[in-house]
Each structure stands twice: as structure tokens, then as C-alpha cells.
Amino acid sequence: MSIPKTYHLVTLGCPKNDVDSEHLERMLTGGRLEPVDEPSAADAIIVNTCGFIEQSQAESMETVHELAAGKREGQQLIVAGCMTQLYGNQVRQDVPLIDHVFGAGEWQQVAKLLSVDVDAVFDIPETAARVDGPSAYLKISDGCDAPCTFCVIPKIKGKLRSAPAGLLLREARRLVDAGAKELVLVAQDTTAWGEDLGMPAASGLPGLLRMLDESLGGETWLRLMYAYPSRVSAELIETMAELPGVVPYLDVPLQHGSVATLRRMKRPRDLEKVHGFVEHLRRVMPDVVLRTSVIAGFPGETEAEFEELVQFARAIEFDHLGVFTYSKQQWTEADGHDDHLPDEVKHERRDRLMTVQQAISARRTQRFVGRKLEMLVEGLGETDDGEPVVAGRTYREAPEVDGVVVAMGVAEPGTKVEVEITAASEYDLFGEIA
Ligand code: SF4
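All of these numbers come straight from a predicted model, not from anything done at the bench.

Conventions we followed
Residues numbered from 1 in each chain as written. Predicted model: local features only at pLDDT ≥ 70, side-chain atom pairs only at ≥ 80, totals over all residues. Heavy atoms only, no water. Phe/Tyr/Trp six-rings, centres within 6.5 Å; stacked < 30°, edge-to-face > 60°. Helix = DSSP H or I, 4+ residues; strand = E, 2+ residues; numbered from the N terminus. Buried < 20%, exposed > 50% of the residue type's maximum accessible area, 1.4 Å probe, protein only. Axes fitted to C-alpha atoms, helices over the stretch in contact; angles between N-to-C directions. Parallel < 35°, antiparallel > 145°, perpendicular 65-115°, else oblique. Left-handed = near helix turned anticlockwise from the far one by under 90°. Contact = heavy atoms within 4.5 Å. Nonpolar A, V, L, I, M, F, W, Y, C, P; charged D, E, K, R; others polar. Expected span 1.5 Å × (residues − 1). Domains from an automatic or database assignment. Buried area = accessible area lost by both parts, 1.4 Å probe. Salt bridge = Lys/Arg side-chain N within 4 Å of Asp/Glu carboxyl O. Polar contact = N/O pair within 3.5 Å; in protein donor to acceptor, adjacent residues only side chain to side chain. Near = heavy atom within 4 Å.

## A look at the packing of aromatic side chains
For the structure shown, the criterion picks out five aromatic pairs. Both rings, one in Y87 and one in W331, keep their centres 5.3 Å apart while their planes meet at 35°; by these two values the pair is tilted. Here the residue Y87 occupies a position in helix α3 (residues 82–94), and W331 occupies one in the loop between β14 (320–325) and α12 (343–366), the gap between them amounting to 244 residues. Ring geometry for F150 and F298: centres 6.4 Å apart, planes at 85°, overall edge-to-face. Note that F150 is positioned in the loop between β8 (141–142) and α5 (153–157) and F298 in the loop between β13 (289–296) and α11 (303–316), a separation of 148 residues in sequence. F298 sits in the buried class, given a relative accessible area of 0%.

If you want it as C-alpha cells, here you go:
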């Protein structure tokens, strides 16, 4: 087989996978392979799969089947990532046209297989983040030590491994020099950063934020995703409020609002603490935007427990709330429970909570009407009447998961402009460049 010169990489799943793919791409391009847009033009087709829940596994399998069906003679099809970490043998059996299977984190092996001299490009860190327009992800750690009974991530990714601060500072600088105006800090649990490096529980992240903000001069937006509820400390909140670059936005996946359900999930269940930190966040940052995600239809969830979740969402009034239906996952404790709920019940509960949240989100967005916000421009367009518009995000919207802002006017993508907000829907804001 000749030495591959081109590759086509497909990435599925979450931002952490985007970062892993970026790491692989930097090794491949460092080894002088060229990326191509069309799989048919590639010597090697690589799929970075997602194995988080059944739905994402199905999407990964569909992609692999499609690529295998279009594979031509001499091409290599390589499948790697979370799904193959769990089901590598099965995937290989289901799709015989696959040439190579790798697990999660085996990116150096993939590069070596494609004749990259990995030692020569070795200083490429696994925290390499991805610039997507003017935003980039910075993966500050990988793996997770939490015992959540529905989650297979610890089995896929292993134990917590934090990236050293010096490496993160270097990577952050590289991304900003490459044009990033916003760094989105991601991990399985960002608030655990540093615990495996010997730092006391929940104390590492505030220090890391200080170092990043100082080194970037307070200009770059720093956004925190995936905080673990019991680690949202007073120190973290005060640090967020104090640092000019850290946007007043926090994503804390809470998973449920019933103590009984949280107990079965083996999640932090001190809801008083949650109310306490939400109050603290809103006191020191009155404009703070809160995002959470929850699971509807966890095994054994009674109607009363679900109603507690609805009341919890009503009481806190999150700006953004994602509802997932519980999905069975092999190798998790919850999979062995004998009180799984029918899909109709799970879906009906999800829809009910989404309806409640829609009204809350609409109220939360209305408070921005009449105000001026800084907006990061991501794209240009025009209205049906040919008037120029720009699309982008303010501190209120995280990339890929929240809404967008559309404003009348002209501005260069990658710049920050002031926008006067004139209208709002449940999820999006509308305005004019001021
Ligand atoms: S904290 Fe998140 S990644 Fe870790 S086990 Fe729980 S749900 Fe999974």
C-alpha cells in the first residue's frame, strides 16, 4: 500500500471530540498529510466516533456505514474514538470494509499508521483546541472520577487527567494569536481541574482562570462549560465576577431537581447548595446567564419526582435548559436497574419540561431588549429586502448549544461590535449595530 498523502476526517459528538480531532489533525498536517473536503479524494478516511448514548452511537454507525459504502479501492477507512473504545470488535464485525479500529485517545497510533513520524511532531499537546470562527475550545482536562450511574464516560476516558497550567497558557496564546476572541473551557468536569495534580478540591480552576485572564490581558472572552454542582465554590464565583475576561455565564449540568432521583443517579443532591450558589452568582453578577441540562425519565422516576424537577426549573429560572431523555447505556450502573420507563413516558416528560422552559427562556431573553451588548461577529448575510445583517453571539450564548444574535448592519466576522437589542424570541436576540 502506498504512503497516504491526503485524509478526510469526520468528527462526531461533543466539543471534547472536536479538540481530539484537532490534536490528530495537527499531527497529520505536521506529518505533511493534506486534509480534503470530499471523502472520495482522500487516501485515508478517519471517523472520530461518539459513544455517549445510544442515539450518538447510532449516528456514528450510520456515518461509518455511509463512508464504507462509498469507499474505493486503495482507500483506508479508520474508525476511532469513544464508540470503538466500547464496541470496537462489534463495529469491525458489522462493517467489514473498515481497515483499522482504534479506541479513544489512540491518536498517535492513528498518525503512526498513516506514516507520520510522531516523534518529530511530538510537542503537539492533547489539549490542542479548535478555532471555529472566532471561538476556540480549550480542553483543560480529560477523564472523570465521578460515579454518575447513567454515564459511561469514565469507562471510555478513564480517570481525571488535568493539563498542566503552563501548557494551557501556551495553547491559549497560540489560539489568540491565530485569531480566537473567545476561549471556551471544556472538560468532562472543568471544576475538577488540578485535583489530580495535588490541588485541594475545587481550588484549581479559580487560579487557572486568573492565570489565563492575566496572560491574555482581559481581552479574550473566557467561558466556563461543564461545572460540577458541588464544586461551584464561593471562590470560583468571586473570581468570575472579578476577572474582566471571564464572561458572566456558567454551564452547570445538574441532571435533576429531585433528591430521590439524584440519589439514584449518584449525583450531588444538596439542592439547598444549588439555590445558594445561584443566589450568590446573581448577587455578584446580576446579569449572569445560567445554563443547565437535565435527564427526563431516569429509571424509577415517579411522576412526583418529575414534578419536583419541573418545580425546581421554575424556581431557578435558568436562561438555557437542555432536556435529554434517559438513554440506556451498557456498562453503567443504571442500565442494571429494573424500573426503566417506557419511551412514551420519557418523551412526554421531556416535552412537558421543554414547554415550561420555553416560557422561562422567553422571559429571560426579554430582559435584554433595549440594552446594548458586545457581540462577537461570526457571519454576514442579508435580509429578504437586501439589507445587510450580521450574526454572532454575545456573552449570553455559548457556541453550538445556545441561541444566536442577528443584527442589522455591517461588520467583519471575528470583530466585536456593540449591538442594541430591539427584540427577542425564546432563544435568540435581534438588534442593530450601535
Ligand atoms: S461528571 Fe459528567 S462525565 Fe463525569 S461521570 Fe458524571 S456525567 Fe459522566
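## Examining the packing of α11 against α12
Relative orientation of the contacting elements α11 and α12 amounts to 15°, with a least axis distance of 10 Å. Accordingly, the angle class assigned to the pair α11 and α12 is roughly parallel. Note that α11 runs across α12; the crossing there is right-handed. Contact with α11, carried on its side by E303, F306, E307, L309, V310, A313 and R314, involves R349, R352, L353, V356 and I360 of α12 and no other residues of that element. A per-class count over the contact of α11 with α12 returns seven nonpolar, no polar and five charged.

## Quick look at the environment of L380
Along the polypeptide, L380 turns up in strand β15 (residues 372–382). In this structure the C-alpha to C-alpha distance between L380 and R282, which are 98 residues apart in sequence, comes to 34 Å. Here L380 is in contact with V389, V390, A411 and P413, once residues within four sequence places are set aside.

## Brief notes about α3
For α3, built from 13 residues, the straight-helix expectation of 18 Å at 1.5 Å per residue is met to within 8% by its first-to-last C-alpha distance of 17 Å. Buried residues of α3: C82, M83, T84, L86, Y87, G88 and V91, and no others. Looking at the buried positions of α3, the neighbouring elements they touch are α1 (15–30), β3 (44–49), α2 (54–69), β4 (76–81), β5 (100–101) and α5.

## Looking at the domain arrangement of the chain
Domains assigned within the chain are domain 1 (6–121), domain 2 (131–366) and domain 3 (372–433). Between the C-alpha centres of domain 2 and domain 3 the distance comes to 25 Å. The interface is formed by 24 residues belonging to domain 2 together with 22 residues belonging to domain 3. Of the roughly 1900 Å² buried at the junction of domain 2 and domain 3 (both faces included), carbon and sulfur atoms supply 55%. When the area that domain 2 buries against domain 3 is broken down by residue, the three leading residues are P134, W221 and T365, summing to 30%. One can count two salt bridges joining domain 2 with domain 3. In this structure, E182 engages R393 in a salt bridge whose closest nitrogen and oxygen atoms are separated by 2.6 Å. Linking domain 2 to domain 3 there are 16 residue pairs in polar contact (both at pLDDT 80 or more).

## Concerning the site of the ligand
Surrounding the ligand, one finds C144, A146, C148, F150, C151, I153, P154, Q188, Y228 and R267. Residue classes in the shell around the ligand are distributed as eight nonpolar, one polar and one charged.

## Regarding unusual backbone geometry
In this structure, S115 takes a positive phi of about 65° despite not being glycine. With respect to the helices and strands, the residue S115 is situated in the loop between α4 (107–113) and β6 (131–132). Not every positive phi belongs to a glycine, and A202 is a case in point at roughly 65°. Looking at the element boundaries, A202 is found in the loop between β10 (182–186) and α7 (204–215). The buried category is assigned to A202, whose relative accessible area is 15%.

## Focus: the side chain of R396
Assignment of secondary structure puts R396 in the loop between β16 (388–393) and β17 (405–408). Exposure remark for R396: the relative accessible area of 1% places this residue in the buried category. Within the structure, the side chain of R396 is placed 2.6 Å from the backbone oxygen of Y427, a separation counted as a polar contact. When near neighbours in sequence (up to four residues on either side) are disregarded, R396 contacts R223, Y249, V289, H320, T365, F368, D402, Y427, D428 and L429.

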